[in-house]
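Tertiary structure, described
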Amino acid sequence: MDNVHAPHAVHARKTIHLDLGHLELALKQADAWVTDNPGSDDAQRDFAFALLHNGRAKDALGAINEAAKSDGNNAEVQRIRAQVLFATADAKNAISALE
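In this report, the structure presented in the accompanying data block is examined. (Residues numbered from 1 in each chain as written. Predicted model: local features only at pLDDT ≥ 70, side-chain atom pairs only at ≥ 80, totals over all residues. Heavy atoms only, no water.)

1. Quick notes on helix H3 (residues 41–53)
Where we set the bar: Where helices and strands are cited, they refer to DSSP runs of H or I of at least four residues and of E of at least two residues respectively, numbered from the N terminus. Between the first and last residue of a helix there are one fewer steps than residues, each counted as 1.5 Å, and that sum is the expected span. Note on exposure labels: buried denotes an accessible area under 20% of the residue type's maximum, exposed denotes more than 50%, and partly exposed covers the range between, all computed with a 1.4 Å probe on protein chains only. Between N or O atoms, a polar contact is any pair within 3.5 Å; within protein, one atom must be a potential hydrogen donor and the other a potential acceptor, and residues adjacent in sequence are included only when both atoms are from side chains.
Between the first and last C-alpha of H3 there are 18 Å, a value that for 13 residues agrees with the 18 Å anticipated at 1.5 Å per step. By the criterion of burial, H3 is predominantly enclosed, with ten of the 13 residues buried. Residues of H3 that are buried: Ala43, Gln44, Arg45, Asp46, Phe47, Ala48, Phe49, Ala50, Leu51 and Leu52. Looking at where H3 begins, the residue whose side-chain oxygen comes 3.4 Å from the main-chain nitrogen of Asp42 is Ser40. Phi for Gly55, located one or two positions after H3, is positive at around 80°.

2. Comments concerning unusual backbone geometry
One non-glycine residue, Ala89, lies in positive phi territory at about 65°. In this structure, Ala89 sits in the loop between helix H5 (75–87) and helix H6 (91–98).

3. Comments concerning helix H4 (residues 57–70)
Residues three or four positions apart in an α-helix share a direction because the helix packs 3.6 residues into each turn. Quick note on the threshold: Summarising the geometry, the arc corresponds to the directions from the helix axis toward the C-beta atoms. Contact between two residues is taken to exist if any of their heavy atoms lie within 4.5 Å; hydrogens are not considered.
The terminal C-alpha atoms of H4, which comprises 14 residues, lie 21 Å apart, in line with the 20 Å expected from a rise of 1.5 Å per residue. All of the buried residues in H4 are Ala57, Ala60, Ala63, Ile64, Ala67 and Ala68. All buried residues of H4 lie within an arc of 145° about the axis, which places them on one face of the element. Among the exposed residues of H4, those pointing more than 90 degrees away from its buried face are Lys58, Lys69 and Ser70. On its buried side, H4 packs onto H3 and H5.

4. Overview of the nonpolar core
Burial of nonpolar side chains together is a common tendency in soluble globular proteins. For clarity, the threshold we go by: Within this scheme, the nonpolar core is defined by two criteria: the residues are buried Ala, Val, Leu, Ile, Met, Phe, Trp, Tyr or Cys, and they are joined through side-chain atoms within 4.5 Å.
Formed by 20 residues in total, the largest nonpolar core has its most connected members in Phe47, Ala48, Leu51, Ala60, Ile64 and Ile80. The set of elements that each furnish at least two residues to this core consists of helix H2 (23–36), H3, H4 and H5. Tallying contributions element by element places H3 first for this core, with seven residues.

5. Observations regarding the pattern of salt bridges
Inclusion rule: Definition used for salt bridges: Asp or Glu carboxyl oxygen within 4 Å of a side-chain nitrogen of Lys or Arg.
Scanning the model with the defined rule gives four salt bridges in all. For Asp42, the salt bridge goes to Arg45, with nearest N and O atoms at 3.0 Å. Placement of the pair is Asp42 and Arg45 together in helix H3, with a separation of three residues, close to one helical turn. Among the salt bridges present, the one from Asp59 reaches Arg56, with a minimum N-O distance of 2.9 Å. Arg56 gets classed as partly exposed once you look at its relative accessible area, which sits at 37%.

6. Structural notes on the side chain of Arg45
According to the relative accessible area criterion, Arg45 is buried, its value standing at 13%. A polar contact is formed between the side chain of Arg45 and the side chain of Asp42, at a distance of 3.0 Å.

Function cannot be inferred from these measures alone, as they are strictly geometric.
Here it is, written out as structure tokens:
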């Protein structure tokens, strides 16, 4: 059965859209995924990454903080959190996120 919201497929499509410079399409895909799966850390993480690449760092910080609530030790979450914090000129907390 084809599930258009299978996590690996949604993540792959978002990554491809970002790589090709289709930023709005990547954000739309990530937004749909997080809307359909609000409790998914993977969805929140990808949504934050797409927001960041669309120039919405403050919104991205909210999304990545949601992902960090349930798994604050996830290396990928912390890496994206650091990128978002650097984008918001919060270098001190960005470095802390990487430690």
